[in-house]
Amino acid sequence: MITLTIEDKQIEHIFLDEFHSNKEKFFEFIKLSFDSNKTKNKTYDEDWSYLEDEIQEGLDSGICEQTHDEIFDKLIKKYASN
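None of these values were measured; they are calculated from a predicted model.

About the criteria used
- Residues numbered from 1 in each chain as written.
- Predicted model: local features only at pLDDT ≥ 70, side-chain atom pairs only at ≥ 80, totals over all residues.
- Heavy atoms only, no water.
- Helix = DSSP H or I, 4+ residues; strand = E, 2+ residues; numbered from the N terminus.
- Buried < 20%, exposed > 50% of the residue type's maximum accessible area, 1.4 Å probe, protein only.
- Areas by Shrake-Rupley, 256 points an atom, 1.4 Å probe, with all protein chains shown as cover.
- Phe/Tyr/Trp six-rings, centres within 6.5 Å; stacked < 30°, edge-to-face > 60°.
- Patch = residues over 30% accessible without salt bridge, like charges linked within 9 Å, V, L, I, M, F, W, Y side chains within 5 Å.
- Salt bridge = Lys/Arg side-chain N within 4 Å of Asp/Glu carboxyl O.

### Section: the overall build of the protein chain
Consideration 1: What the protein chain contains, in helices and strands, is four helices and zero strands.
Consideration 2: When the elements of the protein chain are put in sequence order from the N terminus, they spell out α-α-α-α.
Consideration 3: Looking at the protein chain as a whole, 5% of its 82 residues are labelled buried.
Consideration 4: Counting every atom, the protein chain has about 7,700 Å² of accessible surface; 54% of that belongs to carbon and sulfur.

### Regarding the packing of aromatic side chains
Consideration 1: Overall, the coordinates contain four aromatic pairs when judged by the stated rule.
Consideration 2: Taking the centre distance of 5.0 Å and the plane angle of 70 degrees together, the rings of Phe 15 and Phe 26 count as edge-to-face. With Phe 15 in helix H1 (residues 9-18) and Phe 26 in helix H2 (residues 23-46), the pair connects residues that are eleven residues apart, well separated along the chain.
Consideration 3: Taking the relative accessible area as the measure of exposure, Phe 15 reaches 13% and is therefore buried.
Consideration 4: Overall, Phe 26 belongs to the buried group, its relative accessible area being 6%.
Consideration 5: Within the aromatic cluster, the residues linked to one another by ring pairs are Phe 15, Phe 19, Phe 26, Phe 27 and Phe 29.

### Looking at the environment of Phe 27
Consideration 1: Locating Phe 27 in the fold gives a position in helix H2.
Consideration 2: Look at Phe 27 and you get partly exposed, because its relative accessible area is 28%.
Consideration 3: Each C-alpha atom, one on Phe 27 and one on Phe 15, is 9.9 Å from the other, the two residues being twelve residues apart in sequence.

### Comments concerning a nonpolar patch on the surface
Consideration 1: A surface patch of nonpolar side chains, about 540 Å² in accessible area, is lined by Leu 51, Ile 55, Phe 72, Leu 75, Ile 76 and Tyr 79.
Consideration 2: Elements represented by at least two residues in the nonpolar patch include exactly helix H3 (49-60) and helix H4 (68-79).
Consideration 3: Counting through the fold element by element, Phe 72 comes out in helix H4.

Here's what the structure looks like:
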């Protein structure tokens with residue numbers, strides 16, 4: 001058994017109003033959220049290719065006029081130069 005004291009007003013609102021004070025549903029949601037986040041983090045740690053897709057989507061949007069290489073050259077000059 002667990003006793004829970006909620007001191008965060010936003011979390012309290014979620015528990016009371018969204019879960020109607022149902023502890024079982026609230027804890028199940030926390031468990032599922034944790035498991036989902038844990039799986040995502042493991043996937044991201046092993047495979048970074050999703051970033052390439054997101055970068056390409058941004059470049060294809062037409063908002064930025066610079067190429068991928070130009071952007072990374074600027075970042076390297078700004079943050080990696082000694």
